[in-house]
Each structure stands twice: as C-alpha cells, then as structure tokens.
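A closer look at the structure
The chain contents come next:
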Amino acid sequence: MNYTGLPIPVWAKFTICVVFDLFDFTIGRLLLGVSLLTEIGTAAIMFVLWGPIGLLAIFEAVDITEQLDGFIPTNTLIAIAANKKQAQHEG
C-alpha cells in the first residue's frame, strides 16, 4: 500500500499547511504547556494530508520552548516536498 494522503486538491492541502504554520508562528508559540500534544496532532494531520512524509512534522516537538520552530514553516516545506515527490511519481 502506498498512501499518498487525502485525495483533495493540492491547493487545499497547501492552504491547510500555511494556516497551520501561521498558527504555529503566532498562537503556537504561547502554548508552552501543551506544545507536545499540538506537535503530535499537527504531525497526524500532515500524515493524513500528505502520507508518511507528513510525519516529519513531529521533529518540531524537539523545540520545547516553542520559540524556534515557529520561524520554520515546517508544514509548508512538507507540502512542497510531498507535492514534488507525487509529481515525480506521476510524471
């Protein structure tokens, strides 16, 4: 089985990723007590959207201060990489 994520338009997936990154950059930096749970939840959502490559979002959990990972648009980078990978397999 080769799961590549939900079969929804790519623009919708990108929009979801950008919204999650904006949340992480703003409000996410203030969630010090629940940051690990939000990072696990985000990784699960990225997995559903993009497949196994989405699990790379779990690496944001390394920064327990929530100060550095807000400046790296991890979800958007995953979206770009996953889209490139899918395009290579289709082309």
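Up top is the structure.
Residues numbered from 1 in each chain as written. Predicted model: local features only at pLDDT ≥ 70, side-chain atom pairs only at ≥ 80, totals over all residues. Heavy atoms only, no water.

Before going further, it helps to spend a moment on the packing of helix H1 (residues 10-25) against helix H3 (residues 74-90). The interhelical angle for the contact between H1 and H3, taken along N-to-C directions, is 160 degrees, at an axis separation of 7 Å. As the angle between them shows, H1 and H3 are arranged roughly antiparallel. Here Val10, Lys13, Phe14, Cys17, Val18, Phe20 and Asp21 of H1 come into contact with H3, specifically with Thr74, Asn75, Thr76, Ala79, Ile80, Asn83 and Gln86. For the contact of H1 with H3, the class distribution of residues is seven nonpolar, five polar and two charged. (Axes fitted to C-alpha atoms, helices over the stretch in contact; angles between N-to-C directions. Helix = DSSP H or I, 4+ residues; strand = E, 2+ residues; numbered from the N terminus. Parallel < 35°, antiparallel > 145°, perpendicular 65-115°, else oblique. Contact = heavy atoms within 4.5 Å. Nonpolar A, V, L, I, M, F, W, Y, C, P; charged D, E, K, R; others polar.)

A probe as big as a water molecule, rolled over the atoms, marks out the empty space that is left. Considered as a void within the structure, the largest pocket measures approximately 190 Å³ in volume. Lining the largest pocket are Asn2, Tyr3, Thr4, Trp50, Gly51, Pro52, Ile53, Ala82, Lys85, Gln86 and His89. Residue composition of the lining of the largest pocket, by class: five nonpolar, five polar and one charged. (1 Å grid on protein atoms, 1.4 Å probe; cavity = no way out; pocket = protein on both sides within 12 Å on 5 of 7 lines; lining within 4 Å. Points joined across faces, edges and corners; volume = space filled by probe spheres on them.)

Between the first and last C-alpha of H1 there are 22 Å, a value that for 16 residues agrees with the 22 Å anticipated at 1.5 Å per step. As for H1, its buried residues are in contact with helix H2 (35-50) and H3. (Expected span 1.5 Å × (residues − 1).)

Nonpolar side chains collect at one region of the surface, where Leu36, Ile40, Leu56, Ile58, Phe59 and Val62 lie side by side and expose about 590 Å² of accessible area between them. Within the secondary structure, Leu36 sits in helix H2. (Patch = residues over 30% accessible without salt bridge, like charges linked within 9 Å, V, L, I, M, F, W, Y side chains within 5 Å. Areas by Shrake-Rupley, 256 points an atom, 1.4 Å probe, with all protein chains shown as cover. Salt bridge = Lys/Arg side-chain N within 4 Å of Asp/Glu carboxyl O.)

It is worth spelling out the side chain of Asn75 at this point. The topology assignment puts Asn75 in helix H3. Using a relative accessible area of 1% as the deciding quantity, one classes Asn75 as buried. Looking at Asn75, its side chain comes within polar contact range of the side chain of Asp21, at 3.1 Å. Setting aside anything within four residues of it in sequence, one finds Asn75 in contact with Cys17, Phe20, Asp21, Thr42, Met46 and Ala57. (Buried < 20%, exposed > 50% of the residue type's maximum accessible area, 1.4 Å probe, protein only. Polar contact = N/O pair within 3.5 Å; in protein donor to acceptor, adjacent residues only side chain to side chain.)

Core analysis: the largest hydrophobic core is formed by nine residues, namely Cys17, Ala43, Met46, Leu49, Trp50, Ala57, Ile78, Ala79 and Ala82. Considering every element that reaches this core, the biggest residue donor is H2, with four residues. Setting aside residues no more than four positions away along its own chain, Met46 makes contact with Cys17, Phe20, Gly51, Gly54, Ala57 and Asn75. (Core = buried A, V, L, I, M, F, W, Y, C linked by side-chain atoms within 4.5 Å.)

Before going further, it helps to examine the packing of H1 against H2. Orientation of H1 relative to H2, taken along the N-to-C sense of each, is 170 degrees, at an axis distance of 11 Å. By the angle between their directions, the pair H1 and H2 is classed as roughly antiparallel. Facing H1, whose interface residues are Val10, Lys13, Phe14, Ile16, Cys17, Phe20 and Asp24, H2 presents Glu39, Thr42, Ile45, Met46, Leu49 and Trp50. Considering only residue class, the contact of H1 with H2 consists of nine nonpolar, one polar and three charged.

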